[in-house]
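Take a look at the letters that make up each chain.
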Amino acid sequence: MRERTLRGSSVRRGEMAKSTQLIDNEVFRAYATYTAIVLLKMMLMSLVTAYYRITRKAFVNPEDTASFGKGDSAKKYLRTDPDVERVRRGHLNDLENIVPFVGIGLLYALSGPELSTALLHFRIFAGARILHTFAYLIPLPQPGRGLSWAVGYAVTFSMAYKVLKTVLLL
């Protein structure tokens with residue numbers, strides 16, 4: 001069986017790497033770093049949504065309006081708000097793009113790419129998602145938001161192509 005070296009430790013083909021070997025792998029550490037960054041950014045979108053709901057007094061659940069009174073006085077806060085909906089759409093877009101990055105990025109990191117290439121992929125994706133969030137929240141004129149989405153999407157597609165090209169046995 002062919003062996004591959006990960007910084008001083010050997011892994012046989014077809015065997016899972018031990019967690020200590022993954023932590024020693026610079027590409028995996030880069031993946032973990034940038035994945036944590038984009039996941040934290042996505043989590044912050046929940047807080048931004050809550051902030052907009054509270055400041056705009058726009059809620060979707062009756063129990064959320066309890067502090068504003070009961071009956072008809074509370075019902076007026078059960079409504080949609082364009083600002084809240086805009087933040088929610090940005091958060092949904094994060095879910096649609098960051099979740100695939102997490103899965104494909106993990107496979108990519110484990111496929112043995114060069115560190116410099118992996119860092120380029122991870123950094124561009126994180127930067128594109130952060131820019132996309134600002135473009136959504138400010139809002140910036142198009143094509144800023146569309147381009148930042150496309151760049152992040154292309155990075156994820158590039159990693160998927162590399163995984164399929166490198167590891168898939170067809």
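Asker: So what's going on with a nonpolar patch on the surface? Residues and values would help.
Answerer: A surface patch of nonpolar side chains, about 510 Å² in accessible area, is lined by Ile-37, Ile-130, Leu-131, Phe-134, Ile-138 and Leu-140. At 3 residues, helix α5 (residues 115-137) tops the list of elements feeding residues into the nonpolar patch. Note that Ile-130 resides in helix α5. Given a relative accessible area of 33%, Ile-130 falls into the partly exposed group.

Asker: Got a sec to walk through the packing of α5 against helix α6 (residues 144-167)? Specific residues and values, please.
Answerer: Relative orientation of the contacting elements α5 and α6 amounts to 155 degrees, with a least axis distance of 8 Å. One way to sum up the angle between α5 and α6 is to call them roughly antiparallel. For the crossing formed where α5 meets α6, the hand is left-handed. In this structure, α5 contributes His-121, Phe-122, Ile-124, Phe-125, Ala-128, Arg-129, Leu-131, His-132, Ala-135 and Tyr-136 to the contact, and α6 contributes Gly-144, Arg-145, Ser-148, Trp-149, Val-151, Gly-152, Val-155, Thr-156, Ser-158 and Met-159. In the contact of α5 with α6, the residues fall into 11 nonpolar, 7 polar and 2 charged.

Asker: Got a sec to walk through the pattern of salt bridges? Specific residues and values, please.
Answerer: Applying the stated rule across the entire model yields 5 salt bridges. Asp-81 serves as the salt-bridge partner of Arg-79, at 3.8 Å between the closest nitrogen and oxygen. If you follow the salt bridges from partner to partner, you end up with Lys-41, Asp-94 and Arg-129 in one network.

Asker: A description of the environment of Lys-76 should follow, citing residues and the corresponding values.
Answerer: Mapped onto the elements, Lys-76 comes out in the loop between α3 (72-75) and α4 (82-110). Distance in space between the C-alpha atoms of Lys-76 and Lys-57 is 9.1 Å, their sequence separation being 19 residues.

Asker: So, the side chain of His-121: which residues are in play, and what are the values?
Answerer: Turning to its location among the elements, His-121 is positioned in helix α5. Classification of His-121 by relative accessible area gives buried; the value is 13%. Reaching out from His-121, the side chain makes a polar contact with the side chain of Tyr-108 at a distance of 3.3 Å. Of note is the side chain of His-121, whose polar atom sits 2.8 Å from the side chain of Ser-158. The contact partners of His-121, leaving out residues within four places of it in the chain, are Tyr-108, Val-155, Ser-158 and Met-159.

Asker: Before we move on, can you summarise helix α2 (residues 26-56) with the specific residues and values?
Answerer: One full turn of an α-helix is made of 3.6 residues, so residues set three or four places apart face in the same direction. Under the 1.5 Å per step criterion, the end-to-end length of α2 is 45 Å for 31 residues, consistent within 8% with the ideal 45 Å. The N-capping residue of α2, defined by a side-chain oxygen 2.8 Å from the backbone nitrogen of Val-27, is Asn-25.

Asker: Give a detailed account of the packing of α2 against α4, specifying residues and quantitative values.
Answerer: Interhelical geometry of α2 versus α4 gives an angle of 165 degrees and a closest axis separation of 10 Å. Comparing their axes, α4 and α2 come out roughly antiparallel. Handedness of the α2/α4 crossing: left-handed.

Thresholds, definitions, all that
- Residues numbered from 1 in each chain as written.
- Predicted model: local features only at pLDDT ≥ 70, side-chain atom pairs only at ≥ 80, totals over all residues.
- Heavy atoms only, no water.
- Patch = residues over 30% accessible without salt bridge, like charges linked within 9 Å, V, L, I, M, F, W, Y side chains within 5 Å.
- Areas by Shrake-Rupley, 256 points an atom, 1.4 Å probe, with all protein chains shown as cover.
- Salt bridge = Lys/Arg side-chain N within 4 Å of Asp/Glu carboxyl O.
- Helix = DSSP H or I, 4+ residues; strand = E, 2+ residues; numbered from the N terminus.
- Buried < 20%, exposed > 50% of the residue type's maximum accessible area, 1.4 Å probe, protein only.
- Axes fitted to C-alpha atoms, helices over the stretch in contact; angles between N-to-C directions.
- Parallel < 35°, antiparallel > 145°, perpendicular 65-115°, else oblique.
- Left-handed = near helix turned anticlockwise from the far one by under 90°.
- Contact = heavy atoms within 4.5 Å.
- Nonpolar A, V, L, I, M, F, W, Y, C, P; charged D, E, K, R; others polar.
- Polar contact = N/O pair within 3.5 Å; in protein donor to acceptor, adjacent residues only side chain to side chain.
- Expected span 1.5 Å × (residues − 1).

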